[in-house]
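Now for the letters of each chain:
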Amino acid sequence: MVEKYTSVLDDVCDPLTVRKFTEMSSLSRNEAISVLEKYIETKGDPVWALYEVTGTVDSSEYSFLPAGEKMIKHIVVPGSALEETKKTFSEVISTCLHSVQRTNPNNTRVYGRSWANNDDLKGKTLPSQEIRQRKSVSPAKDMKKEKSAEPEQKPSSSSASKPVAEAKKSTIVPLKKQANISSMFAKKPEKKTEKAEKSVSPPPKEEEKKTRKRPKIEVDEPEEPEEELEIGNKQDKIPVKKVHDSDEFPSSREQSVEKEKSPPAKRQKKGVNDENKKAKKRLIVPDSDDEEVQEPMDVEEKKVKIDEKPKKPEDRRRTTRIEKVVETFVDEDGYLVSKEVQKTVECSPQKSPVKSKAKFISAPVPGAAKVPKKNSTITSFFKKA
Amino acid sequence: METAWSNILDYKNISDRYVLTEEDKKGAFARQYFEVYEARVNALKPRIIEIAERDIGKGKFKHISLSDAKQDEEIFVIGVIVKRIAARPSILKSLLNEDKVAYDDYEGDEEDDVKRYAGSSEDRIELESEKQTVRLDGAITMDECATGCCVGVLGKLGKEGVFHVNRLIWPSSKISKKSSAEGTIVFVSGLELTGDMEEDQLTISGLEFMSEWMNSEALGENQCPPIDRVVVIGPIVETKSNGCDVQSVVRTLTLSRTEKQSSAKALITVDKLISSIAEKPLVNTVDVTPGVGDPCSSMWPLPPIHRVCLQRCAMSQKKVNLVTNPYEFEVNGLRVMTMSGENVTELLRTSHKWTGADVLANLVKWQHVAPNCPDTLDAFPMAERDPLVMETTPHIIVCGNQPQAEFRRVPIDGSDSTCLVVCLPKFSKTRVACFLNLKDLSMKWQNFDHQY
């Protein structure tokens, strides 16, 4: 029988297990083992034999086994190490031929070949995937509807933080993109009423703290960033603003309103005093919240509010000013970080938009560290004054 | 859950409650975690009262709210345990101090044990009811409970505002009658393939070896019993940081977390391995449950791995079953539960005395699969229900990825039945699988290795 299979076995290059040989030869397991053992004897050294030893082992050698516990161990060893391996067992249950191969077992592997390729999947498709893709569309839509529904459900709320927070939730992703950020300043007439409410609402600081997820832009005048953003938006992408009407920067609304009217919105913003710097050093959201509240109001109302901060319109027209701009970007780890930078910006109506662009959130700067600012972290609220 | 195939044994997948429904997902973003505890208390309260009436006597205890308690009056209060451990990493502490201290790395857990929180005199137990929280002392120790356990406490409120415990009442447990079944189920956990051949060699070869042995026609003592199903418990791919522990969250917030991403190659390898096992004639079905770090949500309960990730397994729908974690199924009336073990590992950290089997026995006593959800284990915020409450105690609980291989038969209170709890070590480290004989619930640890 060995002669019958010798030619077959001589042609085999890869390691051949007993199981594979039984499948090839249609022999029973015992017969296959017998054939292979005789083949090994005839061939001698060029053929390596691996043996499977099964037996019970003590827990003393295995730290994961509790004391006194016994384990059945199956091990494949070369024929040269067979006797030595048997001694490590407390009781040997069986020993049999496992496989044969023509190379050193250390150089080839019966098991553990590379499995990490998709060659066998070429040309094949998963029919169930298509169905699931279709199904996934509707829940996504539903989710979007849910998301869009939430802010719509809560515009009547008196607190300014909620709609802002919700709007911010929807804008967390767009925050990463400068284009979308500028589009946050798109107008939204519906939100003007909110802005009106917000203008009467109490301290922006608290709102800022609660709802702040946006980049900070510190300006001399609360409306300035809006103007700048607005102007920047004008230069950039007006249609994007329209698309991002759901974004809730009230300044954007102001800007959009102003855009509709006339270019130098900055003039209106110049009414904001330096006295408001401290308040305006807060997040743009509270300022913007105030501005959002203002948006629904008429421009005159805005001026009234501006009048609260005593500054003549003429004073607004400054040639240069130093502004603290908070740049928000996504670092390499994917975290949203903000960095405060002081920049000199010209205030001329024509030029300021261009330079005020620098105050806008710039593209993410990888590797830039987060600079903690006073009252900028959650922990600052726990600290005593 | 409906299954498209049937095995030799009468199989039934009863993991429906671990699957998130649309109702669960709706409004989840705005949900608070206290609602999870509220749902837990609502689910276990009637069962606690049932045992209190049985043990203390009906009408012999005064069940009131903690806020209505009077000093030195014996009352019965139901609430949630909170274990205050000083050494436990706290996100708030880390942020308050802003020191970004590098806490001890959990990833360096030794193979035979997990890192435990250091004990301190400041450690204490509190009971949180609907309106109040009170410190407990008396007939309760740190090793009897865990944060998130729902318990009834009989005792008195002292002058110092401390509640002196006379007796603890745990929820009642319900276990179905055990029926006999012929067959063997194989449990394997923690493949943790990286996609790198050198690192995965022993794991892949051990798994292939096991698969071939299960399908061999060896006779005698080395003969493999007929395998009804193979349950592969995740994680099946390796991620350096699973992100479910408090430590990982602290590291994330302090921007000091490093994570090794699992590779697509590892996923392909797993897919091929599992489908090759499933295609063997003498293996009927392979169930694949995910672990934290596998390509699915990491919030408990974990959903099944999507079939797109394991395409070959998806093509052999009749033989590969992608299931949830925890995973519960019934074979011929025998109820089996498997879990990937992150819940047990996190609970082990809170006690110096517990072993894996101790924790599993406690889970049976507490009647909750993971009471530390959502405290130290990420959990999906559900408001109306807590799917991890044990409505029916399984006959067998298998917990994967444990440092020690052990098993124990836990007696069920009020019943003659026992629950077999099994802790399974990681296959990637030990190449050990558990062969469970369903007839007599006997177990064999089997190791598959190469010495070349």
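All residue numbers refer to position in the chain's written sequence, counted from 1. In the order they appear in the text, chains get letters beginning with A and ligands get numbers beginning with 1. Owing to the predicted nature of the model, reporting of local features is limited to residues with pLDDT of at least 70; listing and counting of side-chain atom pairs is limited to 80 or more, with chain, interface and lining totals taken over all residues. In computing side-chain properties, one takes all heavy atoms of the structure into account and sets aside hydrogens as well as water.

Q: Help me understand the overall build of chain A in this model?
A: Only DSSP runs of H or I with at least four residues qualify as helices, and only runs of E with at least two residues qualify as strands; both kinds are numbered from the N terminus onward. Scanning chain A from N- to C-terminus turns up 18 helices and seven strands. Surface summary for chain A: the accessible area is close to 19700 Å², and the carbon and sulfur share equals 52%. What sets the accessible areas is the Shrake-Rupley method with a 1.4 Å probe; for residues, cover comes only from the shown protein chains.

Q: Would you mind showing me how to read the sheet that holds strand S1 (residues 11-13) of chain B here?
A: To summarise the sheet geometry, strands pair through backbone hydrogen bonds and adopt either a parallel or an antiparallel arrangement. Residue and element names in this part refer to chain B. Whether two strands pair comes down to DSSP finding at least two bridges between them. As summarised here, the arrangement of the six strands in space is S1-S11-S12-S13-S15-S14, forming an open sheet in which the pairing is mixed. Strand pairing shows two members of the sheet lacking a second neighbour, S1 and strand S14 (406-411), which therefore form its edges. Put simply, the sheet's adjacent strands are angled 20 degrees from each other on average, direction ignored. Of the pairings in the sheet, the one linking strand S11 (residues 327-331) to strand S12 (residues 334-339) comprises five bridges and is antiparallel in character. Bridge assignment links Glu330 to a residue of S12, and that residue is Arg335. Structural elements are reduced to axes, namely lines fitted to C-alpha atoms, with helices fitted over the stretch in contact, and the angle between N-to-C directions of any two is expressed from 0 to 180 degrees.

Q: Would you explain helix H9 (residues 356-366) of chain B in this entry?
A: Residue pairs three or four apart in sequence face the same way in an α-helix, which turns once every 3.6 residues. All names here are of chain B. Among the eleven residues that make up H9, ten are buried, leaving the element largely enclosed by the rest of the structure. Those residues of H9 that fall on the buried side of the exposure criterion are Gly356, Ala357, Asp358, Val359, Leu360, Ala361, Asn362, Leu363, Val364 and Trp366. Here, two residues are considered to be in contact whenever any of their heavy atoms come within 4.5 Å of each other. Contact partners of the buried residues in H9: helix H2 (34-55), S12, helix H8 (342-348), strand S13 (396-399), S14 and strand S15 (418-423). Directly beyond the C-terminal end of H9, a positive phi value near 60 degrees is found at Gln367. Partly exposed describes any residue whose relative accessible area lies between the buried limit of under 20% and the exposed limit of over 50%, with all areas from a 1.4 Å probe on protein chains only and scaled to the type maximum.

Q: What's the story with helix H4 (residues 197-214) of chain B in this structure? I'm lost.
A: All names here are of chain B. By definition here, a helix of n residues has an expected span of 1.5 Å times n minus one. Its 18 residues give H4 an end-to-end C-alpha distance of 24 Å, which sits within 8% of 26 Å, the value for a rise of 1.5 Å per residue. The sharpest bend along H4 reaches about 30 degrees and sits at Thr203. Counting buried positions along H4 gives 13 out of 18 residues, so the element sits mostly inside the fold. Throughout this description, a polar contact denotes any pair of N or O atoms lying within 3.5 Å of each other; where both atoms belong to protein, one of them has to be capable of donating a hydrogen while the other can accept it, and for residues adjacent in sequence the pair is counted only when both atoms sit in side chains. The residue sitting at the N-terminus of H4 and contributing the capping side-chain oxygen is Asp196; that oxygen lies 3.2 Å from the backbone nitrogen of Glu198. Two axes define the bend at a residue: one fitted to the seven residues ending there, one fitted to the seven starting there, and the bend is the angle between them.

Q: Quick question: what am I supposed to make of the packing of helix H2 (residues 18-25) of chain A against helix H3 (residues 29-43) of chain A here?
A: All names here are of chain A. Orientation of H2 relative to H3, taken along the N-to-C sense of each, is 105 degrees, at an axis distance of 9 Å. When the interaxial angle is binned, H2 and H3 end up roughly perpendicular. Judged by residue contacts, Val18, Phe21 and Thr22 of H2 engage Arg29, Ala32, Ile33, Val35 and Leu36 from H3. For this scheme, ten residues count as nonpolar: Ala, Val, Leu, Ile, Met, Phe, Trp, Tyr, Cys and Pro. Four count as charged, namely Asp, Glu, Lys and Arg, and the remainder, Gly too, count as polar. Split by residue class, the contact of H2 with H3 holds six nonpolar, one polar and one charged. What sets the label is the angle itself: under 35 degrees gives roughly parallel, over 145 gives roughly antiparallel, 65 to 115 gives roughly perpendicular, and the rest give oblique.

Q: Would you mind showing me how to read the packing of H4 of chain B against helix H6 (residues 264-279) of chain B here?
A: Two quantities define a packed helix pair, namely the angle between the helix axes and the distance between the axes. Residues and elements named next belong to chain B. Between H4 and H6, the least distance of the axes is 10 Å, while the angle of their chain directions is 10 degrees. As the angle between them shows, H4 and H6 are arranged roughly parallel. Contact residues: Ile204, Leu207, Glu208, Ser211 and Met214 in H4; Thr269, Leu273 and Ile277 in H6. For the contact of H4 with H6, the per-class residue count stands at five nonpolar, two polar and one charged.

Q: When you look at the packing of aromatic side chains in this model, what are you seeing that I'm missing?
A: Each pair of aromatic rings is reported with the distance of its centres and the angle of its planes. All names here are of chain B. Centres within 6.5 Å are what make two rings of Phe, Tyr or Trp a pair, Trp counting through its six-membered ring; a difference in plane orientation under 30 degrees is then read as stacked, over 60 as edge-to-face, and the rest as tilted. Scanning all chains against the criterion turns up ten aromatic pairs over all chains. With a centroid separation of 6.2 Å and 40 degrees between ring planes, the pair formed by Trp170 and Trp366 is classed as tilted. Linking Trp170 in the loop between strand S6 (162-169) and strand S7 (184-189) with Trp366 in helix H9, this pair joins segments that are 196 residues apart in sequence. Under the relative-accessibility criterion, Trp170 is labelled buried at 11%. Residue Trp366 is classed as buried on the basis of its relative accessible area of 1%. For the ring pair Phe435 and Phe448, a centre distance of 6.4 Å and an interplane angle of 40 degrees mean the geometry is tilted.

Q: Looking at this model, I keep getting lost on the environment of Ile305 of chain B. Mind explaining?
A: Residue and element names in this part refer to chain B. Structurally, the position occupied by Ile305 is in the loop between strand S9 (283-289) and helix H7 (311-315). For the pair Ile305 and Leu322, spaced 17 residues apart in sequence, the C-alpha to C-alpha distance is 6.3 Å. Beyond its immediate stretch of four places on either side in the chain, Ile305 contacts Ile236, Val288, Pro290, Asp294, Pro295, Cys296, Leu310 and Leu322.

Q: How should I be thinking about the pairing of S12 of chain B in this particular structure?
A: If a strand is regular, its side chains alternate between the two faces of the sheet. All names here are of chain B. With six of six residues buried, S12 lies mostly within the body of the structure. The alternating pattern of S12 places Leu334, Val336 and Thr338 and Arg335, Met337 and Met339 on opposite faces, both of which are buried. Hairpin connection from S11 to S12: two residues lie between these consecutive antiparallel strands, with Asn332 at a positive phi of about 50 degrees. Where S12 lies against S13, four bridges are found, and the strand directions are parallel. Residue pairing for S13: Thr338 is matched across the bridge by Val398.

Q: Looking at this model, I keep getting lost on the confidence of the model for chain B. Mind explaining?
A: Low-pLDDT stretches of the model should not have their predicted coordinates read in fine detail. Residue and element names in this part refer to chain B. The pLDDT value expresses, per residue, how confident the predictor is, ranging between 0 and 100. Residues of chain B with pLDDT of at least 70 account for 86%, and the chain-wide mean is 85. The secondary structure element of chain B with the lowest average pLDDT is helix H5 (residues 246-253), at 59, and the one with the highest is S13, at 96. Below a pLDDT of 50 lies the segment residues 1-6, which in the model reaches eleven contacts outside its immediate sequence neighbourhood of four places, other chains included. Ignoring residues within four places in sequence, the model shows residues 99-103, a span with pLDDT below 50, making eight contacts including any to other chains. Across the predicted assembly, pTM comes out at 0.67 and ipTM at 0.84.

Q: Quick question: what am I supposed to make of unusual backbone geometry here?
A: For residues other than glycine, phi is negative in most cases, and the peptide bonds are mostly trans. All names here are of chain B. Put simply, Gly234 and Pro235 share a cis peptide bond, and its omega is 5 degrees. Tracing the backbone shows Pro235 in the loop between strand S8 (227-233) and H5. Cis geometry marks the peptide bond from Trp300 to Pro301, where omega comes out at -10 degrees. You can see Pro301 is positioned in the loop between S9 and H7. Positive phi is not limited to glycine here, since Arg431 has a value of about 55 degrees. Relative to the assigned elements, Arg431 resides in the loop between helix H10 (427-430) and strand S16 (432-437). Look at Leu441: it is not a glycine, yet its phi comes out positive at around 55 degrees.

Q: Can you walk me through the state of the cysteines in this structure?
A: A disulfide bridge is the covalent bond that connects two cysteines by way of their sulfur atoms. Residues and elements named next belong to chain B. Cysteine sulfurs are considered disulfide-paired once they come within 2.5 Å of each other. One pass over the structure, following the stated rule, counts zero disulfides over all chains. Of the cysteine sulfurs around Cys149, a residue in no disulfide, the closest is that of Cys145, at 6.3 Å. Under the relative-accessibility criterion, Cys149 is labelled buried at 2%.

Q: For this particular structure, what's the right way to read the sheet that holds S6 of chain B?
A: Residue and element names in this part refer to chain B. Spatial strand order, S2-S3-S4-S6-S5: five strands in a closed barrel with mixed pairing. For this sheet, the mean angle separating the axes of adjacent strands, direction not counted, is 55 degrees. Examined bridge by bridge, strand S5 (residues 150-157) and S6 share six bridges and lie antiparallel to one another. When the bridges of S6 are listed, Gly152 appears paired with Ile169. Set on the sheet, H2 makes contact with strand S2 (74-84), S5 and S6; between it and S2 the angle comes to about 135 degrees.

Q: Sorry if this is basic, but what is going on with the pattern of salt bridges here?
A: Pairing between side chains becomes possible if they bear opposite charge and their charged atoms approach one another. What makes a salt bridge here is a side-chain nitrogen of Lys or Arg within 4 Å of a carboxyl oxygen of Asp or Glu, nothing more. Applying the stated rule across the entire model yields 21 salt bridges over all chains. Arg19 of chain A is the salt-bridge partner of Glu23 of chain A, the closest N and O atoms lying 3.3 Å from each other. Within this pair, Glu23 of chain A and its partner Arg19 of chain A are both found in helix H2, separated by four residues, close to a single helical turn. Judged by its relative accessible area of 19%, Arg19 of chain A falls in the buried class. For the salt bridge of Arg124 of chain B with Glu126 of chain B, the shortest nitrogen-to-oxygen distance reads 2.8 Å. Overall, the relative accessible area of 29% leaves Arg124 of chain B in the partly exposed class. Owing to a relative accessible area of 10%, Glu126 of chain B belongs among the buried residues under this scheme. Overlapping salt bridges bring together Arg17, Glu328, Glu330 and Arg335 of chain B as one network.

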